[in-house]
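Structural description and commentary
Each chain, written out:
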Amino acid sequence: MTCTALITGITGQDGSYLTELLLDKGYEVHGLVRRSSTMERSRLRHLYADSEVYGQRLFLHYADLDDPTTIRRVVTKVQPTEFYHLAGQSHVGLSFEIPESTCDMTAIGTLRIMEILRDQPQPPRFLHASSREIFGTPAVSPQDEATPISPNSPYGCAKVFATQMAKIYREAHGLFFCNAICYNHESPRRGENFVTRKVTLAAARIKVGQQSSLSLGDLDAARDWGYARDYVNAMWLMLQQDAPDDYVLATGISHTIRELLEAAFTHVGLNWQDYVKIDERFNRPADACQLLGNPAKAEAALGWKRSVDFYQLVQLMVDSDLKRVSNTS
């Protein structure tokens with residue numbers, strides 16, 4: 001029997017890697033695409049070009065998170081066995097500028113999907129991509145699945161709502177609903193407005209003479225950074241278990257932006273201090289701190305293993321950006 005997956009956010013970093021993973025496992029994959037999305041969809045371009053995949057085992061459907069009628073129509077037609085909800089406004093800093101739309105997409109959009117799935121005759125297994133931002137500024141470090149929730153950003157608050165609703169639907173309605181509480185996970189497919197890509201792309205551009213400097217905010221801000229490919233593998237593993245549950249997905253190791261700079265610029269033979277400028281405009285109104293995840297439960301229960309460490313991840317991203325900028329020079 002062929003498994004069928006439906007993915008929101010399929011054109012994003014995680015969605016594209018998850019699509020590749022599921023296709024490799026023999027799934028039929030369907031994705032919801034916003035009507036306002038660019039037609040470029042570069043992260044899936046290689047799959048479009050494969051006539052044996054696109055239109056055969058990979059299908060895209062137009063639907064917005066604020067359009068439950070269309071989503072319901074797609075779900076009814078596709079009848080997925082697994083539903084991966086990865087879509088939403090995911091930039092924490094930007095959420096302070098657009099709090100209403102962030103909450104509508106990230107919180108209420110998730111609730112709409114859960115209501116649709118609850119009404120299905122055979123509800124699919126559902127994964128909600130939650131976030132370490134639900135912990136805000138935690139009193140304990142590292143954080144695990146039992147750490148108290150206390151968000152300090154509009155995005156984090158919206159994710160708390162969605163996360164708690166998934167748990168309520170699991171317990172009240174007996175549905176196979178899971179939360180993947182994801183700490184920062186990066187890759188060459190990360191958007192250029194995220195600090196990791198901003199740093200690796202700047203290192204590559206400065207190396208080839210396309211950029212002269214890089215402006216950043218607090219260099220002592222620390223994050224638990226992992227590899228996106230590893231994290232989507234954990235998401236798939238979560239839906240293969242006998243019982244639904246929530247899992248923290250993290251590396252358990254924290255690094256500062258200063259360390260990120262050192263790793264990226266050293267890889268191209270440069271001293272980051274010669275190029276980086278401090279700009280307080282990049283500091284967040286309230287920045288989460290002490291965010292360090294404990295992945296022990298996921299490692300033990302799912303058998304989850306990560307394939308690269310922080311320094312290998314940074315080098316992988318820099319190499320990809322070097323190749324990209326070299327092709328455009």
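Report follows, based on the coordinates. (Residues numbered from 1 in each chain as written. Predicted model: local features only at pLDDT ≥ 70, side-chain atom pairs only at ≥ 80, totals over all residues. Heavy atoms only, no water.)

This part is about helix α6 (residues 154-173). Between its first and last C-alpha atoms α6 spans 28 Å; for 20 residues at 1.5 Å apiece the expected length is 28 Å, and the two agree. Within the span of α6, buried status applies to P154, Y155, G156, A158, K159, V160, A162, T163, M165, A166, Y169 and R170. Looking at the buried positions of α6, the neighbouring elements they touch are α4 (92-95), α5 (99-118), β5 (125-131) and β6 (177-182). After α6 finishes, the residue G174 shows a positive phi value of roughly 70 degrees. (Helix = DSSP H or I, 4+ residues; strand = E, 2+ residues; numbered from the N terminus. Expected span 1.5 Å × (residues − 1). Buried < 20%, exposed > 50% of the residue type's maximum accessible area, 1.4 Å probe, protein only. Contact = heavy atoms within 4.5 Å.)

Applying the stated rule across the entire model yields 14 salt bridges. Put simply, R118 and E115 hold a salt bridge, and the shortest N to O gap is 2.9 Å. Here R118 and its partner E115 are both found in helix α5, three residues apart, which amounts to about one turn of the helix. On the basis of relative accessible area, E115 is assigned to the partly exposed category, the value being 27%. (Salt bridge = Lys/Arg side-chain N within 4 Å of Asp/Glu carboxyl O.)

This paragraph deals with the packing of aromatic side chains. Per the stated rule, a full pass over the model turns up nine aromatic pairs. Ring geometry for F83 versus F126: centroids 5.8 Å apart, planes at 45 degrees, classification tilted. Residue F83 is found in strand β4 (residues 82-85), and its partner F126 is found in strand β5; the two are separated by 43 residues along the sequence. Neither residue differs from the other here; F83 and F126 are each classed as buried. (Phe/Tyr/Trp six-rings, centres within 6.5 Å; stacked < 30°, edge-to-face > 60°.)

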